[in-house]
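Listed here are the chains, written in short residue letters.
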Amino acid sequence: MNSFYIIAGLGNPGQKYEGTRHNIGFAVIDELADEYGIGNPSKFGKSLAAKGMIGANKVLLMKPLTYMNLSGEAVREAVDFYKADPESQLIVISDDIDLPQGQLRVRGKGSAGGHNGLKNIIQHLGTDAFCRVRVGVGAKPDPDYDLADYVLGRFRGSEQKIMEESVQRAAQAVRSLMEEGVDAAMNRYNARVK
């Protein structure tokens, strides 16, 4: 396995977006930072980033500050700066409305699945071959409900606990990707959550 990884959690910067469905990628980055004592993020180009260790691997934990739809600008900048290979050294964490709440989907490559952040990263990197951990935030309660309002909304009551657990599991999945590889991580974390 590689000894250096760029781990990018997707979200929107600023207080008004904190804790929203669309910012679950930021929440997983915070979880990893807490768990592995990776502190003091600082401005790195178009991101907020911090370097540290997860197990035996050096990592750059990053939150793009470009807003979701331009995430690719920040990710490309980090990949170029560190001369990283996206296929083997990049892990992207995003929300997914097509997955039930709390369900994870680990993949080694694939389409954006309608996610604008992933779409922009694929566009900027010129490849869809990079690992991603998608965290299910559940579908809109009503087909007529505005999608932007939904993904920019917050979790309520019992949803909160489900999502806290899935954020922890997503952080574990990231470590598994680095240490055991994509197949093992998929087998372990893509199972349906009860």
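Please refer to the structure placed before this passage.
Summarised in this report is the structure supplied together with it. (Residues numbered from 1 in each chain as written. Predicted model: local features only at pLDDT ≥ 70, side-chain atom pairs only at ≥ 80, totals over all residues. Heavy atoms only, no water.)

1. Considerations on helix α4 (residues 116-125)
Keep this limit in mind: Relative accessibility under 20% of the residue-type maximum defines a buried residue, over 50% an exposed one, and the middle range a partly exposed one, all with a 1.4 Å probe and only protein chains included. Under the DSSP-based scheme used, a helix requires at least four consecutive residues in state H or I and a strand at least two consecutive residues in state E, with every element numbered from the N terminus. Here, residues are in contact when the closest pair of their heavy atoms is within 4.5 Å.
Along α4, the residues that are buried comprise G117, L118, N120, I121, I122 and L125. Its buried side turned inward, α4 meets α2 (71-81), α3 (86-89), β5 (90-96) and β7 (131-136). The positive-phi residue at the C-terminal boundary of α4 is G126, with phi of around 70°.

2. Digging into the pairing of strand β1 (residues 4-9)
Formally: Two strands pair if DSSP finds at least two bridges between them.
Within β1, six of the six residues are buried, leaving the element largely enclosed by the surrounding structure. The side-chain alternation of β1 yields two buried faces, one formed by F4, I6 and A8 and the other by Y5, I7 and G9. Bridge count between β1 and strand β4 (residues 57-64): five bridges; the pairing is parallel. Following the sheet pairing, I6 is matched in β4 by L60.

3. Some points on the environment of L61
In this fold, L61 is placed in strand β4. For L61, a relative accessible area of 3% gives the class buried. Along the sequence, L61 and H124 sit 63 residues apart, while their C-alpha atoms lie 19 Å from each other. If sequence neighbours within four positions are ignored, L61 has contacts with I7, I29, L32, A33, I38, L48, A49, A50 and I54.

4. What to know about the environment of S176
Of note, S176 is situated in helix α6 (residues 157-180). Residues S176 and Y189, 13 residues apart in the sequence, show an inter-C-alpha distance of 9.2 Å. Every residue in contact with S176, bar those within four places of it in the chain, is listed here: G181, A184, A185 and Y189.

5. Topic: the packing of helix α1 (residues 24-35) against α6
Using the following cut-off: Throughout, an axis means a line fitted to C-alpha atoms (over the contacting stretch in the case of helices), and angles, computed between N-to-C directions, take values from 0 to 180 degrees. Relative orientations are named as follows: roughly parallel for angles under 35 degrees, roughly antiparallel for angles over 145 degrees, roughly perpendicular for angles from 65 to 115 degrees, and oblique for any other angle. Left-handed is the label given to a crossing in which the near helix is rotated counterclockwise from the far helix by less than a right angle, and right-handed is the label when the rotation is clockwise.
Relative to each other, α1 and α6 sit at 65°, their axes nearing to 9 Å. As the angle between them shows, α1 and α6 are arranged roughly perpendicular. Crossing of α1 over α6 shows right-handed handedness. From α1, I24, A27, V28, E31, L32 and E35 reach across to α6, where they touch M163, V167, Q168, A170, A171 and V174.

6. Remarks on the sheet that holds β7
Reading across the sheet, the seven strands line up as β2-β3-β4-β1-β5-β7-β6 and stay open at both edges, with mixed pairing between neighbours. One side of each edge strand has no neighbouring strand; the edge strands of this open sheet are β2 (42-44) and β6 (104-107). Adjacent strand axes in the sheet meet at a mean angle of 30°, parallel and antiparallel pairs treated alike. Of the pairings in the sheet, the one linking β2 to strand β3 (residues 47-54) comprises three bridges and is antiparallel in character. Each residue of the ladder has a partner; that of K43, found in β3, is L48. Sheet contacts for α1: β1, β3, β4, β5 and β7; angle to β4, the most-contacted strand, approximately 145°. Each of β6 and β7 touches helix α7 (residues 182-189); the most contacted strand, β6, lies at about 165° to it.

7. Structural notes on the pattern of salt bridges
Note the following rule: Salt-bridge detection follows one rule: a side-chain nitrogen of Lys or Arg within 4 Å of a carboxyl oxygen of Asp or Glu.
One pass over the full model with this rule turns up eight salt bridges. One salt bridge connects R21 with E159, and the closest N-O pair in it is separated by 3.8 Å. Remark: E159 occurs in helix α6 and R21 occurs in the loop between β1 and α1; sequence separation between them is 138 residues. Both residues of the pair, R21 and E159, count as buried. A salt bridge links K161 to E165, with the nearest nitrogen and oxygen atoms 2.9 Å apart. With K161 and E165 both in helix α6, this residue pair falls four residues apart, about one helical turn. In this structure E165 comes out as partly exposed when scored by relative accessible area, which is 39%.

In short, shape yes, function no, at least from these values alone.
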